[in-house]
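Spelled out from the first residue to the last, the chains are:
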Amino acid sequence: MVDAFWIGIFGVGMLIALVVVGVRVYIAAAVVGFLGLFVLEGWDVAGAIAGTIPHSKTVTYPLSVLPLFILIGFLAFHAGLTGKLFEAARRWLGWVPGGLAVSTVFASAGFAAVSGASTATSAVFSRVAIPDMLTNGYSKRLTAGVIAAGGTLASLIPPSAILVIYAILVEQSVGKLLLAGLLPGVVSVFIYTALIIGMCVWRPELGQASSGFTWRERFASLPGSFPIFIVVGIIFGALYTGVATPTEAGALGAAVVFALYVYRAWQQRDLKQMGFRLKDAITETAKLTIMIFTLIWGVFLFVRFLGFAGLPNEFANWVVGLDLPPILIMVCILLAYAVLGMFMDAIGMLILTLPVVYPAVIALGYDPIWFGIIVVKMAEICLITPPIGLNCFVVAGVSRDLQPVGDRDMAIPLQDVFRGIGPFFVADVLTVIVLLLLPEIVLWLPNQMAQ
Amino acid sequence: MKDPLGALLRRLDALVTPIENAFNLAAGVLIFALMALGVLQIVLRTIFAAPLLGYIDIVELSMVGFAVLAIAFVQRVGGHVRMELLVQKLHGRPLWFLETLGSGLAIFVVSVLIPYSYDHFYRAFEYGDSTIDLELATWPAKLVVPVALTLLLVRLGIQFLGYVRLLIDPTLPQLAIPEMKRPEEVAADEIRLAGVTDDAKPRTK
């Protein structure tokens, strides 16, 4: 049907126009989706479809893991884990060139295992690591760069809300996607580490090694970070063996973090403050949750229209029919994501584009799990690139409020953050290239998973 | 300067805000309960080998409480995703024109969704649609959708009038519309949420 196809194309054009002029994405998608269905199928059919979607597309059990992962993240910030993790990391890793920067990367990665929120992870580590690094003579740019980049690890290393959303949108196993994020996260950590060591060997003035910890001190630092390992153990154990659903693992993980949080508040005799924070954490969790769910049903309405118009199939056929090597098409898709991600929230970008892009990628013969990890890594890169680069704004924002230590000013201007992030941006591009060339890094772990 | 519309909006806003806040808090509490239920399920199943019957039914029925209920709250605080590339560069009437247009579209589609989602509820109510394991009625959950969307419609109406008011007279103070945040301000919110600044006072929004 040529007609339906062109109505579909017109709909896509209209959606893009509405999104660009700042209409909220769920409204833009729902309006175009409804009107498109109306044109193709008539008012009553369009209404009947539109009336069921907000309920039927949101109340499915696999999606129930989302609010729990988000809750873990918000509670984790108040559970007092970050300082201890950083201390443990510096005792174990401080001796390498640029040791405190390397420690920041490892501690961020550890914290990422209980948090799925990049920007907030950067905020927490700004407070923990900036004073330490700057008083030890680290350059402001390296300090800022490593903290902003370290935060991005949160989206790849489970629990990660964005990977759950991808899994549900493309109807893949949530557990497999979450497991698949782990090794690429580790690869990112090693590439960052190699970069820092290389930079600090080449220009020692960037940051010194800090040594002098005994083995006893090293082991003494470990118990403080045990809770992280418990949460990681619960979530990975459940996903890998399949004894619990992601929702149940998320619930148990959240409960452990919540217990820590209560324990800490009780220790500090600060239960009133805890009450406020808990209310803040759950209302923010609710807010983020509904934002995601609303986006999902809004876009599903649009997707239903596209389906009637036959557009995803046509697009996939067109892409496959292109006389180009698949890898080149993949690079083009990734570049498009890099540009789009500069102007749009990562979750919004994924939900909006995947219904059309995903079938084409699969038709090209790429693995669905692998593509999810690559796309999320791309979305993360956008968190550290101008003009929005929210992680960079967060680092600059926290540093401005830090107390000076001695005569050292802790503030790191935004320009310095953006300059400092440069090498890490290159490292991220390198990671994507590695994952493009060696998809086994992504796929090995999920393929080991118990069926 | 006289501003009768502003006075009306202020009153309407004050009327709807507490309901929205309550819905959002209810959604948060429900998520917390979901956590407790999940733990209970694991304990019962692994330790007592007696899993909760209909656990998935209960989860799916309650999901509407955090998936849809607080939609008006998030609309009020401007939490729904959008691309601000263009609107951030605009000021005055061109900006308020686009915003009016956007909320007009929203009002249109939400007005369509309300009766049809009510139909969806009514069918379940009439035919006694129920869940698989426990055979719980699904209509109360389905009724939440038109209720939440009606509140959203009221909120959208308030915002629409708020934008129209500024379109007529851009010199008036902004009222009853979500504030647009620059990246620095979004960053400041994130920092506060991560507990990095030490003011965990209840928020006034």
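Residues numbered from 1 in each chain as written. Chains lettered and ligands numbered in written order. Predicted model: local features only at pLDDT ≥ 70, side-chain atom pairs only at ≥ 80, totals over all residues. Heavy atoms only, no water.

(A) Spotlight on the overall build of chain B. When helices and strands are tallied, chain B shows six helices and zero strands. Counting only C-alpha atoms, chain B reaches 70 × 50 × 30 Å along its principal axes. The proportion of buried residues among the 205 residues of chain B is 45%. Total accessible area on chain B is roughly 9,800 Å²; 68% of this is exposed by carbon and sulfur atoms. Side-chain charges in chain B split into 18 positive and 20 negative, and the spacing between the mean points of these groups amounts to 9 Å. (Helix = DSSP H or I, 4+ residues; strand = E, 2+ residues; numbered from the N terminus. Buried < 20%, exposed > 50% of the residue type's maximum accessible area, 1.4 Å probe, protein only. Areas by Shrake-Rupley, 256 points an atom, 1.4 Å probe, with all protein chains shown as cover. Lys, Arg positive; Asp, Glu negative; His and termini not counted. Charge placed at Lys NZ, Arg CZ, Asp CG, Glu CD.)

(B) Fine view of the overall build of chain A. Looking only at helices and strands, one finds 22 helices and zero strands in chain A. Whereas a compact globule of 451 residues would reach a radius of gyration of roughly 22 Å, chain A reaches 23 Å, a difference of no more than 12%. In terms of overall dimensions, chain A has C-alpha extents of about 75 × 50 × 45 Å along its principal axes. Residue burial in chain A is summarised as follows: out of 451 residues, 61% are buried. In chain A, the proportion of contacts linking residues at least 24 apart, taken out of those at least 6 apart, comes to 81%. (Rg over C-alpha atoms; globule rule 2.2 N^0.38 Å. Contact = heavy atoms within 4.5 Å.)

(C) Representation of the side chain of Thr 285 of chain A within the structure. Tracing the sequence through the fold places Thr 285 of chain A in helix H15 (residues 271–309). Assessed through its relative accessible area of 0%, Thr 285 of chain A is described here as buried. Among the polar contacts made by the side chain of Thr 285 of chain A, one reaches the main-chain carbonyl oxygen of Ala 281 of chain A at a distance of 2.6 Å. Residues contacting Thr 285 of chain A, with those up to four places away along its chain left out, are Pro 67, Ile 70, Leu 71 and Phe 74 of chain A together with Ile 31 of chain B. (Polar contact = N/O pair within 3.5 Å; in protein donor to acceptor, adjacent residues only side chain to side chain.)

(D) Fine view of the pattern of salt bridges. All names here are of chain A. In the structure shown here, the tally under the stated rule is 13 salt bridges over all chains. With a closest N to O distance of 3.0 Å, Asp 428 and Lys 377 form a salt bridge. Here the residue Asp 428 occupies a position in helix H21 (residues 414–437), and Lys 377 occupies one in helix H19 (residues 368–381), the gap between them amounting to 51 residues. Here Asp 428 falls in the buried class, since its relative accessible area comes to 0%. (Salt bridge = Lys/Arg side-chain N within 4 Å of Asp/Glu carboxyl O.)

(E) View of helix H5 (residues 82–93) of chain A. Residues and elements named next belong to chain A. Along its 12 residues, H5 runs 16 Å from first to last C-alpha, staying within 8% of the 16 Å computed at 1.5 Å per residue. Those residues of H5 that sit buried are Thr 82, Leu 85, Phe 86, Ala 88, Ala 89, Arg 90 and Arg 91. In this structure, the buried residues of H5 make contact with helix H6 (99–112), helix H7 (118–135), helix H12 (215–220) and helix H13 (226–241). (Expected span 1.5 Å × (residues − 1).)

(F) Region of the structure containing the nonpolar core. Counting residues in hydrophobic clusters, the biggest one holds 223 residues, and the most contacted among them are Tyr 337, Leu 354, Trp 370 and Phe 371 of chain A together with Leu 149 of chain B. No other element matches the 19 residues that H15 of chain A contributes to this core. In this view, Leu 354 of chain A contacts Tyr 166, Leu 169, Val 170, Tyr 337, Pro 359 and Phe 371 of chain A; residues no more than four positions away in its chain are not counted. Judged by nonpolar contacts, the second largest core, of eight residues, contains Val 87, Leu 95, Trp 96 and Leu 166 of chain B. (Core = buried A, V, L, I, M, F, W, Y, C linked by side-chain atoms within 4.5 Å.)

(G) Examining the environment of Leu 402 of chain A more closely. All names here are of chain A. Its location among the elements puts Leu 402 in the loop between helix H20 (390–401) and H21. Of the residues examined, Leu 402 reaches a relative accessible area of 15% and is grouped as buried. In sequence terms Leu 402 and Arg 127 are 275 residues apart; their C-alpha atoms lie 7.4 Å from each other. Apart from residues no more than four positions distant in its own chain, Leu 402 is found in contact with Ser 126, Arg 127, Ile 130, Pro 131 and Met 410.

(H) A look at the packing of aromatic side chains. Counting across every chain of the model gives 29 aromatic pairs over all chains. Relative to Tyr 261 of chain A, the ring of Phe 258 of chain A lies with its centre 6.1 Å away and its plane at 35 degrees, an arrangement referred to as tilted. In this pair, Phe 258 of chain A and Tyr 261 of chain A are both assigned in helix H14 (residues 246–267), three residues apart and thus about one turn of the helix distant. When the centroid spacing of 6.3 Å and the interplanar angle of 20 degrees are considered together, the rings of Tyr 118 of chain B and Tyr 122 of chain B count as stacked. On the criterion of helical spacing, the pair formed by Tyr 118 of chain B and Tyr 122 of chain B is a turn pair, its members being four residues apart in helix H4 (residues 92–127). Through pairs of rings, three or more aromatic residues link up here, namely Tyr 118, Phe 121, Tyr 122, Phe 125 and Trp 139 of chain B. (Phe/Tyr/Trp six-rings, centres within 6.5 Å; stacked < 30°, edge-to-face > 60°.)

(I) Layout of helix H18 (residues 346–363) of chain A. All names here are of chain A. Taking 1.5 Å of rise per residue, the 18 residues of H18 would be expected to cover 26 Å, and the 24 Å separating its terminal C-alpha atoms lies within 8% of that figure. Residue Leu 354 marks the point of greatest curvature in H18, where the axis turns by about 60 degrees; the proline Pro 355 follows within four residues. Following H18 by one or two positions, Gly 365 has its phi on the positive side, about 95 degrees. (Bend = angle between axes of the 7 residues up to and from the residue.)

(J) Broad picture of the packing of H6 of chain A against H7 of chain A. All names here are of chain A. It is at 11 Å that the axes of H6 and H7 come closest, and there the two elements cross at 155 degrees. By the angle class used here, H6 and H7 are roughly antiparallel. Relative to H7, H6 is oriented so that their crossing is right-handed. Of H7, the residues touching H6 (which contributes Leu 100, Ala 101, Thr 104, Ala 107, Ser 108 and Phe 111) are Thr 121, Phe 125, Ala 129, Asp 132 and Met 133. Among the residues making up the contact of H6 with H7, the classes are represented as seven nonpolar, three polar and one charged. (Axes fitted to C-alpha atoms, helices over the stretch in contact; angles between N-to-C directions. Parallel < 35°, antiparallel > 145°, perpendicular 65-115°, else oblique. Left-handed = near helix turned anticlockwise from the far one by under 90°. Nonpolar A, V, L, I, M, F, W, Y, C, P; charged D, E, K, R; others polar.)

(K) Structural view of the side chain of Lys 142 of chain B. With respect to the helices, strands and loops of the structure, Lys 142 of chain B is situated in helix H5 (residues 139–168). Aside from chain neighbours lying at most four places away, what touches Lys 142 of chain B is His 55 of chain A together with Ser 117, His 120, Phe 121, Ala 124 and Asp 129 of chain B.

(L) Spatial organisation of the interface of chain B and chain A. In this assembly, 75 residues from chain B lie in contact with 78 residues from chain A. Roughly 6,800 Å² of surface becomes buried between chain B and chain A when both sides are summed, with 74% attributable to carbon and sulfur atoms. Considering only the side of chain B, the residues that lose the most area to chain A are Val 81, Met 83 and Tyr 116 of chain B, jointly responsible for 11% of the buried surface there. Between chain B and chain A we count one salt bridge in total. Here Arg 45 of chain B and Glu 248 of chain A are joined by a salt bridge, their closest N and O atoms 3.0 Å apart. Elements that contribute at least two residues to the side of chain B that touches chain A include exactly helix H1 (4–46), helix H2 (55–67), helix H3 (71–76), H4, H5 and helix H6 (183–193) of chain B. Counting residues per element, the side of chain B that touches chain A draws most heavily on H1 of chain B, at 14 residues. Here the residues of the side of chain B that touches chain A are counted per class, giving 51 nonpolar, 13 polar and 11 charged. (Buried area = accessible area lost by both parts, 1.4 Å probe.)

Geometry only, nothing functional implied.
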